[in-house]
Amino acid sequence: MIRSITTLLVPIPTIREHKLACTVMREQTLVLVHIQTADGFEGWGEATTIGGLNYAEESPHSIKTNIDTYFTPLLLKEAPTSTAKAMQLLNQHISGNRFAKCAIETALLDIEGKRLGIPISELLGGRVRDELEVAWTLASGDTAKDISEAKQMIAQKKHRIFKLKIGSNPIDEDIAHVLAIKQAIPEYRVTVDVNQAWTELEAMSAIKRLQDGGIDLIEQPISMRNQAGLKRLKEYFEVAIMADEIVQDPQNAFRLAADHCADVFAVKINQAGGLKAACLIGQMAKLAGIELYGGTMLEGPIGTAASAHVFSTYSSLNFDTELFGPLLLTDDILTRPLEYHNYGLTVPTAPGLGIEVDKDKIYHYAERSLLSAAAASRQQYFATEKT
Ligand code: MUC
Ligand code: MG
């Protein structure tokens, strides 16, 4: 039975500016959920989004507020006796809020795995792989810097697949940037993520040039509201078109899969609304003949470990993963960092998530964020009072 649920906002600076079509990130705020049970187990979950409300409709603050205000009282009152019952309860009483649901489910599965002595992957049907190849995202905003970053990653055997974030510059500039990088590392897989920035007409001409330049995958080139347009692009081009922002909960993924709107689905546990939902999306894609890619919402190590457990269960994962979130952060919140080596990530094998969090570090960042929020609201209060 659940004894307590604590949520913490944990902002951690990034190692460099991370530029996307929708925002520039200098830090990532992890929303951590810590659940303790009456019989002495504890579990951790995490939700992240990108750029506050720039990327999705939940922000770190809305996730925390909604868990504290609605999820926690409901779970404590109804006292569900399993993860499945808890998620059923949340889905019956709380609409939307997929990111928050994901964080709660992760913490509950962490507990369930620890109680049974098995990793979460085995609760989700069983892993078929122990290693996941991990792409690195080049998003410094500078071509020369991106090329040297990519070459360094290759030399250190850290990554050999590169995703470029484009869409914030004029199209000709973006294409020149991508092609210069591809030409600098011609034998490596280079993909682009447009984060919905182009119109369908712009996408038609841009994708043609990217395809001719040997780019391997085009991610969410147009608005998530233009499902028919995505399908038209998929049918027109040979290069693989990947659906990302448009892939949300399983119901919506079902419609996309049934209509064959993309060659590849990027699956993200937060977008899906949890780990089991992400498994369900993977199964639907498989049945529809759609390829899979293990996406990230730039989670820290807790959400990344959770994602790794999910992706380890996919029967095929031909487009690999981008679970590099923890590597983009300047600090780690685990006592032992996740194991990245030989271009990939090892899926943890210990019970539950298979990780141990460094509570001192977590509380240090959480406290700093509380203090700066308090200072900001004091400043705002006095500024308003004086006017
Ligand atoms: C996205 O849209 O895929 C993944 C990598 C990255 O840099 O941003 C995320 C979100
Ligand atoms: Mg994307």
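Just so you know, these numbers come straight off a predicted model, no measurement behind them.

How each quantity is defined
Residues numbered from 1 in each chain as written. Chains lettered and ligands numbered in written order. Predicted model: local features only at pLDDT ≥ 70, side-chain atom pairs only at ≥ 80, totals over all residues. Heavy atoms only, no water. Donors = N, O, S within 2.8 Å, 3.2 Å for Na, K, Ca; no water. Helix = DSSP H or I, 4+ residues; strand = E, 2+ residues; numbered from the N terminus. Buried < 20%, exposed > 50% of the residue type's maximum accessible area, 1.4 Å probe, protein only. Pairing = 2+ DSSP bridges. Axes fitted to C-alpha atoms, helices over the stretch in contact; angles between N-to-C directions. Domains from an automatic or database assignment. Contact = heavy atoms within 4.5 Å. Buried area = accessible area lost by both parts, 1.4 Å probe.

A. How the structure looks around the coordination of the magnesium ion (ligand 2). On the protein side, the magnesium ion (ligand 2) has Asp-193 (OD), Glu-219 (OE) and Asp-244 (OD) as donor atoms, found 2.0 to 2.2 Å from it. Ordering the donors of the magnesium ion (ligand 2) by residue number gives the pattern D-x25-E-x24-D. You can see Glu-219 sitting in strand S8 (residues 217-219) and its partner Asp-244 sitting in the loop between strand S9 (240-243) and helix H9 (250-258), a full 25 residues away along the chain. Here Glu-219 and Asp-244 have matching classes, each one buried.

B. Region of the structure containing the sheet that holds strand S12 (residues 340-341). Here we have 3 strands laid out as an open sheet, ordered S4-S13-S12, and antiparallel in their pairing. For this open sheet the edge positions go to strand S4 (131-133) and S12, each flanked by a neighbour on one side alone. Relative to strand S13 (residues 344-346), S12 is paired through 2 bridges, and the arrangement is antiparallel. Counterpart to His-341 in the pairing with S13 is Gly-344.

C. Summary view of unusual backbone geometry. The phi dihedral of Asn-97 falls on the positive side, at around 55 degrees, and the residue is not glycine. Relative to the helices and strands, Asn-97 resides in the loop between helix H2 (83-93) and helix H3 (98-116). Its identity as a non-glycine residue notwithstanding, Leu-298 has a phi of 55 degrees, on the positive side. Examined against the element boundaries, Leu-298 turns out to sit in the loop between strand S11 (291-294) and helix H12 (301-311).

D. Molecular detail of the sheet that holds strand S7 (residues 189-193). With respect to topology, 7 strands assemble into an open sheet ordered S5-S6-S7-S8-S9-S10-S11, the strand pairing being parallel. A single partner strand is all that each edge strand has here, and the edge strands are strand S5 (136-138) and S11. Going from strand to strand, the sheet's axes swing by 30 degrees on average, the running direction of each strand aside. Strand direction decides the pairing type here: strand S10 (residues 264-267) and S11, joined by 4 bridges, are parallel. What sits directly across from Ala-266, in S11, is Tyr-293.

E. Representation of the domain arrangement of the chain. Under the domain assignment used here, the chain contains domain 1 (2-119) and domain 2 (123-346). The C-alpha-based centres of domain 1 and domain 2 are spaced at 23 Å. Taken residue by residue, the interface counts 36 residues in domain 1 and 46 residues in domain 2. Interface of domain 1 and domain 2: buried area, both sides summed, is about 3300 Å²; carbon and sulfur atoms make up 63% of it.

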